[in-house]
Amino acid sequence: MRGGVAVLGAGGFVGARLLEMAALSGWTDVVPVVRAVRSVARNAHLGLPHRFADAGHRESLERVLAGCDVVVNLTTGDPADILRTTATIHDACRAAGVRLLVHLSSAVVYGQVDRPDLPDDAPPQLDHWMLYARQKGLAENYLRARMADGRLTIVVLRPGLVWGPRSPWVLGPATELVRGAAWLVAGGHGVCNLIYVDNLIRGLDAVVTHPAPPAGFYHVADDETTTWRAYYAALAAGLGVDWAGGVHELPGDRFRPTLGDRLEVIQEWPAYKRLKSRLSDETRKAIKFQIARLLGRDGSAAAGLGGPVVTRELWHLQSTRHRLPTGKFRATFGYQNRTSFADAMATSVAWLRFIGLAGPERAASAAAGPVVAAAHPAPVAIAEAVRMR
């Protein structure tokens, strides 16, 4: 009988949904690992015992991994710590005698999917402008160099944008749509490389339960090819947002950095980090307040020039022209995407309405009477969850 499956980062978006689906499907050998007690709150109703460890400290992590056969790394945190944390997790897994490490990376390591036949083991773009992408790429290379040692099987998954209830890729665009501040680059015809959170978790489950998973890199994504325009249109329709008044069209030939983009670059400087570590909490709060004011002015100025603020990350994502190929994962681990785009969108919109986010039409309807669908924010997801195994 195999040991437990330790889930590092169990209190995060993907980790919390994994625990929920595991509890609903009778997956009894899952071992949630979190850093702090507050991370247990999201899944306290499931009654699963948690273990506590800092993924950046090998000794404490090694202790909680004792008796575990598999480790699923879903940790998030400061992007600057990704490489160090990944190395610590790898070393702790080897010391604890773990058989399989499943590491969740991201398709962001490519910058953009620039070809339809992009190999799953293509090297990451280490000169990417985003610190998060560079660190994810360095972490991948660290694991790549250790895949052949035979002591620990390493599987790296590269998902697209993970969406669904509680996802920032749902809440962010929905909030912008309701505020009338959403925008599309070049008509929104770029490919939106999505993977619904339940489909991702079924993929993780397929790797964990495989009798001998081959080490390597694997793309994971939803089946449908969805454009950004179709994604925003589906959200707008579900929320009752007027498309003409809520979505702006922007040309795709150039990107104008905002003040926020320039500040992100400054925050990566070692000198900035040293200065920040020496400031008091009161001084940090005062600086954050002034930065927020400046960012607000930047947004107002951009709107005055004829459009909303354009973030560099979303501008690049919306400029993607190809779908992430997933044939290698399917051939190795089988078909796992049992939730369609339509069902995933219905569940996501139900959650958005449950938390009170809706356009004028939906808001007026809710004011006229109770919304029955809001009684349970994720009917489709939970129905699918019980069929995970």
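Check the entry above for the structure.
The shown structure was predicted, so the numbers you read here are calculated from the model rather than taken from an experiment.

Asker: What am I meant to see in the overall build of the chain here?
Answerer: A tally of regular secondary structure across the chain gives 16 helices and 11 strands. For the chain, the residues scored as buried account for 49% of the 389 residues in total. Long-range contacts, defined here as pairs at least 24 residues apart, represent 82% of the contacts in the chain between residues at least 6 apart. When the accessible surface of the chain is summed, it comes to about 18,000 Å², and 57% of that surface belongs to carbon and sulfur atoms.

Asker: What exactly am I supposed to notice about empty space enclosed by the protein here?
Answerer: Here the idea is plain: a probe the size of a water molecule rolls over the atoms and shows the empty space left. Within the structure shown, the criterion is met by two cavities of 30 Å³ or more. Size it by volume and the largest cavity reaches roughly 110 Å³. Around the largest cavity, the lining is made up of 14 residues, and of these Val 220, Ala 221, Phe 329, Gln 336 and Asn 337 lie nearest the centre. When residues of the lining of the largest cavity are traced back to their parent elements, those giving at least two are α6 (197–209) and α13 (327–333). Looking at the lining of the largest cavity, the element that brings in the most residues is α6, giving three residues. For the lining of the largest cavity, the class distribution of residues is six nonpolar, six polar and two charged. Space inside the second largest cavity adds up to approximately 70 Å³. Along its surface, the second largest cavity is lined by Val 191, Cys 192, Asn 193, Leu 194, Ala 221, Asp 222, Glu 224, Thr 225, Thr 226, Arg 323 and Phe 341.

Asker: Even after reading the chapter, I still don't get the nonpolar core, so can you show me in this structure?
Answerer: Taken as a class, soluble globular proteins show a tendency for nonpolar side chains to be buried jointly. Core analysis: the largest hydrophobic core is formed by 65 residues, its most contacted members being Leu 18, Leu 157, Trp 163, Trp 228 and Tyr 231. A total of seven residues in this core trace back to one element, the largest contributor, which is α6. With residues up to four places along the chain from it excluded, the contact list for Leu 157 reads Val 102, His 103, Leu 104, Ser 105, Ser 106, Leu 204, Val 207, Tyr 218, Val 220 and Phe 329. Among the nonpolar cores identified, the runner-up in size contains 24 residues, and Ala 87, Ala 92, Ile 154 and Val 156 belong to it.

Asker: How should I be thinking about unusual backbone geometry in this particular structure?
Answerer: The bulk of non-glycine residues show a negative phi, and the bulk of peptide bonds are trans. One non-glycine residue, Arg 166, adopts positive backbone phi at about 80°. If you trace the backbone, Arg 166 turns up in the loop between β7 (161–163) and α5 (168–179). According to the relative accessible area criterion, Arg 166 is partly exposed, its value standing at 38%. In this model, Ala 186 sits at a positive phi of 50°, which is unusual for a non-glycine residue. Considering the arrangement of structural elements, one finds Ala 186 in the loop between β8 (182–185) and β9 (194–196).

Asker: Looking at this structure, I do not really get the pattern of salt bridges. What am I missing?
Answerer: Side chains bearing opposite charge may pair, as long as their charged atoms lie close to each other. What the rule picks out here adds up to 10 salt bridges. Between Arg 99 and Asp 69 there is a salt bridge, with the nearest N and O atoms lying 2.8 Å from each other. A residue pair is termed long-range when its members are at least 10 positions apart, and Arg 99 in the loop between α3 (82–96) and β5 (100–104) and Asp 69 in strand β4 (residues 68–73) qualify at 30 residues. Classification of Arg 99 as partly exposed rests on a relative accessible area of 30%. Owing to a relative accessible area of 17%, Asp 69 belongs among the buried residues under this scheme. Between Arg 115 and Asp 117 there is a salt bridge, and its shortest N-O distance comes to 2.9 Å.

Asker: Please explain the sheet that holds strand β2 (residues 30–34) as it appears in this structure.
Answerer: To summarise the sheet geometry, strands pair through backbone hydrogen bonds and adopt either a parallel or an antiparallel arrangement. Taken in spatial order, the seven strands make up an open sheet running β3-β2-β1-β4-β5-β6-β10, and their pairing is parallel. This sheet does not close on itself; its edge strands, each paired only once, are β3 (51–52) and β10 (216–220). Pairing geometry for strand β1 (residues 4–8) and β4, over five bridges, is parallel. Paired with Val 5 across the bridge in β4 is Val 70. Set on the sheet, helix α4 (residues 131–144) makes contact with β5, β6 (153–159) and β10; between it and β6 the angle comes to about 155°.

Asker: Explain the pairing of β2 here, please?
Answerer: When a strand is regular, its side chains alternate between the sheet's two faces. By the criterion of burial, β2 is predominantly enclosed, with five of the five residues buried. Alternating residues of β2 divide into Val 30, Pro 32 and Val 34 and Val 31 and Val 33, and every residue in both groups is buried. As paired strands, β1 and β2 are joined by four bridges and run parallel to one another. Bridging from a neighbouring strand, Leu 8 pairs with Val 33 of β2. Viewed along the sheet, the connection from β1 through helix α1 (residues 13–25) into β2 turns out right-handed. Note: β2 against β3, two bridges, orientation parallel. Bridge pairing in β3 links Val 34 to Phe 52.

Asker: What exactly am I supposed to notice about α6 here?
Answerer: Owing to its 3.6 residues per turn, the α-helix aligns residues three or four sequence positions apart on the same side. The terminal C-alpha atoms of α6 lie 18 Å apart, and with 13 residues this matches the ideal 18 Å at 1.5 Å per residue to within 8%. Burial analysis of α6 places 12 of its 13 residues in the buried class, which makes it a mostly covered element. For α6, every residue scored as buried is listed here: Val 197, Asp 198, Asn 199, Leu 200, Ile 201, Arg 202, Gly 203, Leu 204, Asp 205, Ala 206, Val 207 and Val 208.

Asker: Explain the packing of α3 against α4 to me, please; I cannot follow it from the model alone.
Answerer: Geometrically, a packed helix pair is captured by the angle between its two axes and the distance between the axes. Where α3 meets α4, the closest approach of the two axes is 8 Å, and the angle between their N-to-C directions is 25°. The angle between the axes of α3 and α4 places the two elements in the roughly parallel class. Note on packing geometry: the crossing formed by α3 with α4 is right-handed. Residues Ile 82, Leu 83, Thr 86, Ala 87, His 90 and Asp 91 of α3 touch α4, and the partners they reach there are Tyr 132, Gln 135, Lys 136, Leu 138, Ala 139, Tyr 142 and Leu 143. Along the lines of polarity and charge, the residues of the contact of α3 with α4 split into eight nonpolar, three polar and two charged.

Each value, and the rule that gives it
- Residues numbered from 1 in each chain as written.
- Predicted model: local features only at pLDDT ≥ 70, side-chain atom pairs only at ≥ 80, totals over all residues.
- Heavy atoms only, no water.
- Helix = DSSP H or I, 4+ residues; strand = E, 2+ residues; numbered from the N terminus.
- Buried < 20%, exposed > 50% of the residue type's maximum accessible area, 1.4 Å probe, protein only.
- Contact = heavy atoms within 4.5 Å.
- Areas by Shrake-Rupley, 256 points an atom, 1.4 Å probe, with all protein chains shown as cover.
- 1 Å grid on protein atoms, 1.4 Å probe; cavity = no way out; pocket = protein on both sides within 12 Å on 5 of 7 lines; lining within 4 Å.
- Points joined across faces, edges and corners; volume = space filled by probe spheres on them.
- Nonpolar A, V, L, I, M, F, W, Y, C, P; charged D, E, K, R; others polar.
- Core = buried A, V, L, I, M, F, W, Y, C linked by side-chain atoms within 4.5 Å.
- Salt bridge = Lys/Arg side-chain N within 4 Å of Asp/Glu carboxyl O.
- Pairing = 2+ DSSP bridges.
- Axes fitted to C-alpha atoms, helices over the stretch in contact; angles between N-to-C directions.
- Right-handed = clockwise from strand over helix to strand, strands pointing away.
- Expected span 1.5 Å × (residues − 1).
- Parallel < 35°, antiparallel > 145°, perpendicular 65-115°, else oblique.
- Left-handed = near helix turned anticlockwise from the far one by under 90°.

Purely spatial values, then, with no claim about function.
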